[in-house]
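Residue strings, one per chain:
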Amino acid sequence: MIARRLHCQLTPAFIVGAFVAGALALSAAALPAFAADTDKQWRHAAALNGEPKYPEGFPHFDYVNPEAPQGGRAVQGVVGSFDTFNPVLPSGESAPGTNVATATLIYETLLKPSMDEADISAEYGWLADAIAYPDDYSSATYRLNPDAKWHDGTPVTAEDVIWTFEVTTQNNPNIGFYYSSVTGVEKTGEREVTFTFDQKGNRELPKIIGGLKVLPKHWWTGTDADGNARDITKGTLEPPLGSGPYRIGDFQAGRYIEFDRVEDAWANTLNVNVGYHNIATLRYDFYKDSTVIVEAFKAGETDWRAENSASNWVNRYNNPARERGDIILETKPDRARGVMQGYVMNQRSEIFQDPRVRRALILAFDFTTLNRTLLSDLYFQPKSYFAGSELASSGLPSEAELELLKPFRDQLPSSVFEEVYALPASSEDPQEHARLMRDRLREALALFREAGWELSRDRKMVNTETGEPFVIRYADFASPLNEKSVLRLKADFAKIGVEIEYLPTDIPSYINKRNAFDYDMMVVAWGQSLSPGNEQRGYWGSSSRDREGSRNFAGIADPVIDELIETIIFAPDREALVTATHALDRVLLAGDYVIPQFFYPFDRFARWDIFSHPEPLPEYSVGFPSIWWYDEEKASQVER
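Numbers given to residues run from 1 along each chain, matching the order in which its sequence is written. Residue-level local features of this predicted model are given only where pLDDT is at least 70; pairs of side-chain atoms are given and counted only at 80 or more, and the full residue set underlies all totals for whole chains, interfaces and linings. With hydrogens and water excluded, all non-hydrogen atoms of the structure serve as input to the side-chain values.

This paragraph deals with the overall build of the protein. Only DSSP runs of H or I covering at least 4 residues are called helices, and only runs of E covering at least 2 are called strands; the numbering of each starts at the N terminus. Within the protein, the regular secondary structure consists of 19 helices and 25 strands. Against the globule reference of 26 Å for 640 residues, the protein gives a C-alpha radius of gyration of 25 Å, in line with a compact fold. Projected onto its principal axes, the C-alpha coordinates of the protein cover approximately 75 × 60 × 50 Å. Across the 640 residues in the protein, those meeting the buried criterion constitute 62%. Looking at the protein as shown, the accessible area adds up to about 24600 Å², and 48% of this sits on carbon and sulfur atoms. Two things to know: the radius of gyration comes from C-alpha atoms, and the globule rule equals 2.2 Å times the number of residues to the power 0.38. When a residue's accessible area, from a 1.4 Å probe over protein chains only, is under 20% of the maximum for its type it is buried; when over 50% it is exposed; and in between it is partly exposed. Each accessible area is a Shrake-Rupley result for a 1.4 Å probe, and residues are judged covered by the shown protein chains and nothing else.

Next comes the structure, spelled out in structure tokens:
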């Protein structure tokens with residue numbers, strides 16, 4: 001599920017997982033009712049476990065400053081470009097804040113998550129002021145807030161919700177797949193919309209629909225200022241109508257875009273928005289390279305950035321502004337998700353279909369040297385698909401996990417049951433590490449021989465039957481950091497005769513290759529919520545393997561994994577969910593689908609000292625720019 005929080009910078013991992021990174025916040029569970037209008041049991045909120053933290057009629061979330069001043073602007077740098085404001089189409093490059101799958105600036109969702117409840121899974125009324133669903137979770141009804149209005153003053157209607165669902169699922173395959181369990185949607189009251197599902201017992205489905213970002217039917221089916229009919233199936237740079245806290249202001253396609261706070265937006269004083277959206281103007285400047293963004297930030301051209309480079313963090317911010325205290329570097333534990341970042345081996349490619357080959361390449365990757373030479377020894381190598389969270393498996397399987405795994409004993413490696421998963425041996429001592437790497441490389445060569453490959457006289461890995469060399473087509477977009485990383489990997493693989501054909505492109509071309517699975521290997525970061533669910537089908541499920549544009553980057557199609565995913569989705573409680581996720585994690589790790597690369601369990605951000613934020617920040621989010629504010633007193637003292 002995707003965390004519905006606007007990140008300060010659209011990093012490569014964010015671009016790769018844009019749809020997936022709006023699903024981390026969608027969770028599941030029933031809550032006590034507050035009042036019933038008719039025969040429906042209406043609920044003001046939903047949470048993963050038991051009752052939500054905030055009762056009906058709460059004034060605001062605890063982590064906000066309800067008296068925060070409003071005004072000022074925040075400028076952020078973004079790698080990439082944009083060429084459309086159409087929020088639906090999977091093609092083209094949509095601007096941040098306009099895509100219904102990734103951000104909520106001009107649009108609003110039926111329900112809104114809090115930032116201080118586990119999993120970011122408790123959700124409260126926004127466009128909908130209540131939700132109702134039966135005990136078997138076979139449907140969900142949303143009651144729209146009677147005050148909800150578009151920026152032109154037109155009420156938000158049930159027809160808008162239905163039309164949005166239909167056009168987004170029909171025109172975007174990823175969204176269609178995510179909502180594939182919905183069998184019907186209809187208006188069941190003046191302000192009520194009911195969604196019916198093809199299965200019972202999936203507690204997540206009512207909350208998934210709660211994350212639907214609603215579009216104005218009357219605007220998209222109307223005409224523009226020149227009398228031309230608008231078309232939701234085509235790109236456009238006409239600023240669209242919204243209902244949210246911001247509207248599009250000044251922009252230049254591909255260069256920058258500004259969002260201006262809507263002072264009279266209907267939901268500004270709604271309890272879920274009190275203390276939010278304090279900054280008057282949010283501006284995003286677009287750059288071709290992250291290196292240039294750092295320099296622009298240091299020069300005062302941008303104000304705030306998330307830093308995902310350890311080298312930058314250690315070396316690039318030592319300038320007079322930081323010495324004066326005008327630039328501040330901060331870290332915050334990332335408790336909102338688990339993560340697996342790694343070199344994905346695409347099993348659609350014949351060279352990766354043998355698990356012995358995949359294991360050999362895992363053995364050849366030298367994380368310890370990469371971490372020391374490129375990452376300032378700041379990173380960790382993930383040993384779970386849910387690294388950094390309670391969902392990561394560890395030790396031998398528990399009795400509860402074994403109960404899930406035993407029916408598949410004949411279909412799984414014995415290591416799942418008998419061995420504690422461990423990364424290849426390494427050492428911080430250089431000499432000892434060199435010895436361990438020699439042992440690992442010998443083992444990798446032996447695995448290649450078993451799989452039908454051998455070293456030729458010129459030390460190239462070749463197929464013993466065909467003589468074809470083992471060449472990996474590595475897809476990436478051009479950047480100095482990406483190039484340094486792949487050069488290290490090339491050096492590691494060259495030691496066993498494996499060649500990497502590096503194919504750096506611009507970001508649009510890279511996205512096209514990724515969507516068409518036109519690669520042998522690429523880096524992917526899967527951000528996982530603390531309450532996994534339907535999105536796991538899109539990550540590893542057989543149904544997503546051949547669906548173009550899916551997030552099943554490794555090309556996994558395994559009936560055991562499919563069964564474990566369904567067990568997660570239909571878990572009756574938190575304990576069962578954690579157990580099933582541990583079991584899935586073990587099976588994924590045993591498949592050696594990914595060479596674990598690195599991760600860092602903290603958010604890092606650099607900022608000019610012109611903002612303030614609540615103390616403390618919410619446990620599960622940095623909250624920028626949503627709950628921060630421009631501080632005029634601080635800004636007046638900063639030298640830029």
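All right, on to the nonpolar core then. Counting residues in hydrophobic clusters, the biggest one holds 90 residues, and the most contacted among them are Leu 110 and Phe 195. For this core, the leading source of residues is helix H2 (residues 158-171), giving 6 residues. Residue contacts are defined here by distance: any two heavy atoms, one from each residue, within 4.5 Å place the two residues in contact. Here Leu 110 is in contact with Gly 125, Trp 126, Leu 127, Ala 128, Tyr 142, Leu 144, Val 161, Ile 209, Gly 210, Leu 212 and Val 214, once residues within four sequence places are set aside. Of all hydrophobic cores here, the second largest spans 47 residues; its members include Tyr 287, Leu 402, Met 522 and Val 587. Think of a nonpolar core as a cluster: buried Ala, Val, Leu, Ile, Met, Phe, Trp, Tyr and Cys residues, connected wherever their side-chain atoms sit within 4.5 Å.

Spatially, 3 strands are ordered S14-S23-S15 in an open sheet, and the strand pairing comes out antiparallel. The two strands at the open ends of the sheet, each matched to only one other strand, are strand S14 (304-306) and strand S15 (327-333). Strand-to-strand twist of the sheet, defined as the mean angle between neighbouring strand axes without regard to direction, takes the value 20 degrees. Pairs of strands are assigned from DSSP output, requiring at least two bridges between the strands. Examined bridge by bridge, S14 and strand S23 (residues 602-608) share 3 bridges and lie antiparallel to one another. Angular values range over 0 to 180 degrees, each being the angle between N-to-C directions of two axes fitted as lines to C-alpha atoms, with helices fitted over their stretch in contact.

What follows covers the sheet that holds strand S2 (residues 71-79). Here we have 4 strands laid out as an open sheet, ordered S2-S13-S12-S11, and mixed in their pairing. The sheet is open, and its two borders are formed by S2 and strand S11 (246-252), each paired with just one other strand. Recorded for the sheet is a direction-independent mean angle of 20 degrees between the axes of neighbouring strands. Bridge count for S11 against strand S12 (residues 256-261) is 5 bridges, and the pairing is antiparallel. Within S12, the position partnered with Gln 252 by the bridge is Tyr 256. Packing against the sheet, helix H6 (residues 290-298) makes contact with S2 and strand S13 (279-287), and its axis sits at approximately 155 degrees to S2.

Counting buried positions over the 10 residues of helix H9 (residues 355-364) gives 7, a clear majority of the element. Where H9 is concerned, the buried positions are Val 357, Arg 358, Ala 360, Leu 361, Ile 362, Leu 363 and Ala 364. On its buried face, H9 is in contact with strand S16 (338-345), helix H13 (430-450), strand S17 (453-455), strand S19 (471-477), helix H14 (480-494) and strand S22 (594-596). Among the residues of H9, the N-terminal cap falls to Asp 354, whose side-chain oxygen and the backbone nitrogen of Arg 356 are separated by 2.8 Å. N or O atoms closer than or at 3.5 Å make up a polar contact, with two conditions inside protein: a donor-capable atom paired with an acceptor-capable one, and, for residues adjacent in sequence, both atoms drawn from side chains.

Here the focus is H13. Given a rise of 1.5 Å per residue, 21 residues ought to cover 30 Å, and the 30 Å separating the end C-alpha atoms of H13 matches this to within 8%. Those residues of H13 not exposed but buried are His 433, Leu 436, Met 437, Arg 440, Leu 441, Ala 444, Leu 445, Leu 447 and Phe 448. Buried residues along H13 sit against H9, helix H10 (367-374), S17 and strand S18 (461-463). At the C-terminal side of H13, Gly 452 shows a positive phi close to 95 degrees. A helix is expected to span 1.5 Å multiplied by its residue count minus one.

So, on to the pattern of salt bridges. What counts as a salt bridge is simple: a side-chain nitrogen of Lys or Arg found within 4 Å of a carboxyl oxygen of Asp or Glu. According to the stated counting rule, one finds 35 salt bridges in the structure shown. The closest approach of N and O atoms between Arg 283 and Asp 285, which form a salt bridge, is 2.6 Å. One exposure class covers both Arg 283 and Asp 285, and it is buried. For Arg 359, the salt bridge is made with Asp 592, and the minimal N-O distance between the two is 3.5 Å. Taken together, the residues span a long stretch of sequence, with Arg 359 in helix H9 and Asp 592 in the loop between helix H18 (574-590) and S22 at a distance of 233 residues. Take Asp 592: its relative accessible area is 11%, and that puts it in the buried class. Several salt bridges converge on common partners, so that one network encompasses Arg 73, Glu 258, Arg 283 and Asp 285.

Time to look at the packing of aromatic side chains. By convention, a stacked pair of Phe, Tyr or Trp rings (six-membered ring in the case of Trp) has centres within 6.5 Å and planes under 30 degrees apart, an edge-to-face pair has planes over 60 apart, and any other such pair is tilted. Following the criterion strictly, the structure yields 45 aromatic pairs and no others. Residues Phe 82 and Phe 286 carry aromatic rings whose centres are separated by 5.1 Å and whose planes lie at 50 degrees to one another, so their mutual orientation is tilted. Here Phe 82 is found in the loop between S2 and strand S3 (108-109), whereas its partner Phe 286 is found in strand S13, with 204 residues between them in sequence. You'll find Phe 82 and Phe 286 in the same group, each marked buried. Relative to Phe 195, the ring of Phe 165 has its centre 5.4 Å away and its plane inclined at 75 degrees; by these criteria the two rings are edge-to-face. In this pair, Phe 165 sits in helix H2 while Phe 195 sits in strand S9 (residues 192-197), placing the two residues 30 residues apart along the sequence. Every member of this aromatic cluster is reached through a ring pair, and the members are Tyr 54, Phe 58, Phe 61, Tyr 63, Tyr 124 and Tyr 276. One Lys or Arg, Arg 604, reaches over the ring of Tyr 600 and ends 4.2 Å from the middle of that ring. Any Lys NZ or Arg CZ found within 6 Å of a ring centre and within 35 degrees of that ring's normal is scored as a charge over the ring. Directly above the ring of Trp 608 sits Arg 640, whose terminal nitrogen or CZ lies 4.7 Å from the centroid.

Our next topic: the confidence of the model for the protein. Residues shown with low pLDDT carry predicted positions that ought not to be read at fine detail. A residue's pLDDT is the predictor's confidence in that residue, given on a scale from 0 to 100. In the predicted model, the protein carries a mean pLDDT of 89, and the fraction of residues at 70 or more is 92%. Segment residues 1-38: pLDDT under 50, and 159 contacts once partners within four positions in sequence are set aside and those in other chains are kept.

Once that is clear, we can look at the packing of helix H17 (residues 559-569) against H18. Between H17 and H18, the least distance of the axes is 9 Å, while the angle of their chain directions is 160 degrees. Between H17 and H18, the angle falls in the class roughly antiparallel. Between H17 and H18 the crossing geometry is left-handed. Between H17, through Ile 561, Leu 564, Ile 565, Thr 567 and Ile 568, and H18, the contact on the second element is made entirely by Leu 577, Ala 580, Thr 581, Ala 583, Leu 584, Val 587 and Leu 588. Per-class residue counts for the contact of H17 with H18 are 10 nonpolar, 2 polar and no charged. Any angle between 65 and 115 degrees counts as roughly perpendicular, while under 35 counts as roughly parallel, over 145 as roughly antiparallel, and the rest as oblique. Crossing handedness is defined as follows: a turn of the near helix away from the far one that is anticlockwise and smaller than a right angle gives a left-handed crossing, while the clockwise case is right-handed. Gly counts as polar in this scheme, as do all residues outside two lists: the nonpolar Ala, Val, Leu, Ile, Met, Phe, Trp, Tyr, Cys and Pro, and the charged Asp, Glu, Lys and Arg.

So, about the environment of Val 498. With respect to the helices and strands, Val 498 occurs in the loop between H14 and strand S20 (499-505). Since its relative accessible area comes to 3%, Val 498 is described here as buried. Taking the C-alpha atoms as reference points, Val 498 and Leu 455, 43 residues apart in sequence, are found 9.3 Å from one another. Here Val 498 is in contact with Leu 361, Phe 448, Met 461, Phe 470, Ile 472 and Phe 493, once residues within four sequence places are set aside.

Let's shift gears to the side chain of Ser 181. By the element assignment, Ser 181 lies in the loop between helix H3 (173-178) and strand S8 (182-189). Exposure remark for Ser 181: the relative accessible area of 4% places this residue in the buried category.

Looking at the element boundaries, Thr 505 is found in strand S20. Here Thr 505 is in contact with Asp 476, Phe 477, Ala 478, Tyr 510 and Lys 513, once residues within four sequence places are set aside.

Okay, the packing of H10 against H14 next. Where H10 contacts H14, the axes come no closer than 11 Å and their chain directions differ by 145 degrees. Where H10 crosses over H14, the two elements pack in a sense that is right-handed. Contacts between H10 and H14 involve Thr 369, Leu 370, Thr 373 and Leu 374 from the former and Lys 484, Ser 485 and Arg 488 from the latter. Residues of the contact of H10 with H14, tallied by class, amount to 2 nonpolar, 3 polar and 2 charged.

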